[in-house]
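# Breakdown of the fold
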Amino acid sequence: MNFETIVFFGFAAILLFAGFRVITTRNPVHAALFLVLAFFTAAGLWLMLEAEFLAITLVLVYVGAVMVLFLFVVMMLDINLDRLREGFWDYLPLAAFVSVMLVIEMAVVLGSRSFGLDIVPAPAQHAANYSNTKELGRLLYTDYVYPFELAAVVLLVAIVAAIALTMRKRKTSKYQDPAQQVRIKRADRVRLVSMAAEQPSSTKS
């Protein structure tokens, strides 16, 4: 067993531990921090698989943006932990079954060469000047250009739907109309009221 294999199993153990703590810890902030650890560990595994662009994207997008947003939301909301834990043990058998099936599938795919099945071919060795970003871009815009465009359309529809849902007018919400503010005139802002002058009352000595 060489040093690369030891590092891989170390990262894999940390990733499994972090993922397990995400779903078992009682504090949502701790769960989010364990998820950050899982993302960092997965990025390290991708670096070992020569997927540098995906590793950097995982750290920048998920750890740098999404998880920071999750932490702010979780820390600002008053979450009832007792209600959050309701129904956990009811779904445990189904979750255990799904977890066992995932472990079996991963064992078949990753350990197929140990049993002489060769389901997944061994990855090809790349040269020193190999660019992961260039290869990913070539595949996206040549072999997978139509699925890539379809995913872009689906994301665009999701963005438009989210904006449409949040832009609904509510009777209780207070908002300003910029067009009405621009069309306003001087006479609408100031109203002159004619009032009779008042005489000061005379002081009696």
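Computed from a predicted structure; not experimentally measured.

Each value, and the rule that gives it
Residues numbered from 1 in each chain as written. Predicted model: local features only at pLDDT ≥ 70, side-chain atom pairs only at ≥ 80, totals over all residues. Heavy atoms only, no water. Helix = DSSP H or I, 4+ residues; strand = E, 2+ residues; numbered from the N terminus. Buried < 20%, exposed > 50% of the residue type's maximum accessible area, 1.4 Å probe, protein only. Contact = heavy atoms within 4.5 Å. Areas by Shrake-Rupley, 256 points an atom, 1.4 Å probe, with all protein chains shown as cover. UniProt positions renumbered as here; feature names shortened; annotations may be inferred. pLDDT = per-residue confidence, 0-100. Axes fitted to C-alpha atoms, helices over the stretch in contact; angles between N-to-C directions. Parallel < 35°, antiparallel > 145°, perpendicular 65-115°, else oblique. Nonpolar A, V, L, I, M, F, W, Y, C, P; charged D, E, K, R; others polar.

### Considerations on the overall build of the protein
Regarding its fold elements, the protein presents nine helices and zero strands. The secondary structure elements of the protein, listed N-terminal to C-terminal, are α-α-α-α-α-α-α-α-α. Counting only residues that meet the buried cut, the protein has 12% of its 205 residues in that class. Here the contacts in the protein between residues at least 6 apart in sequence split such that 56% fall between residues at least 24 apart. With an accessible surface of roughly 18000 Å², the protein has 67% of that area assigned to carbon and sulfur atoms.

### As for the UniProt feature "transmembrane region" (unreviewed entry) in the protein
The feature "transmembrane region" (unreviewed entry), as annotated in UniProt, sits at residues 6–24, 31–49, 55–79, 91–111 and 144–165 in this numbering. End-to-end, the C-alpha atoms of residues 6–24 are 27 Å apart, and along that stretch the chain is 100% helix and 0% strand. Taken end to end, residues 144–165 is 95% helix and 0% strand, and its two terminal C-alpha atoms sit 32 Å from one another.

### Section: the confidence of the model for the protein
Per-residue pLDDT for the protein averages 79, and the proportion of residues at 70 or more is 80%. Within the protein, helix H4 (residues 81–84) has the poorest average pLDDT of any element, 64, and helix H7 (residues 145–166) the best, 89.

### Examining the packing of helix H3 (residues 52–76) against helix H6 (residues 132–141)
Running from N to C, H3 and H6 point in directions that differ by 90°, and their axes come no closer than 7 Å. Taken together, the axis directions place H3 and H6 in an arrangement best described as roughly perpendicular. Residues Glu52, Phe53 and Leu54 of H3 form the contact with H6, whose participating residues are Asn132, Thr133 and Leu136. In terms of residue class, the contact of H3 with H6 is built from three nonpolar, two polar and one charged.

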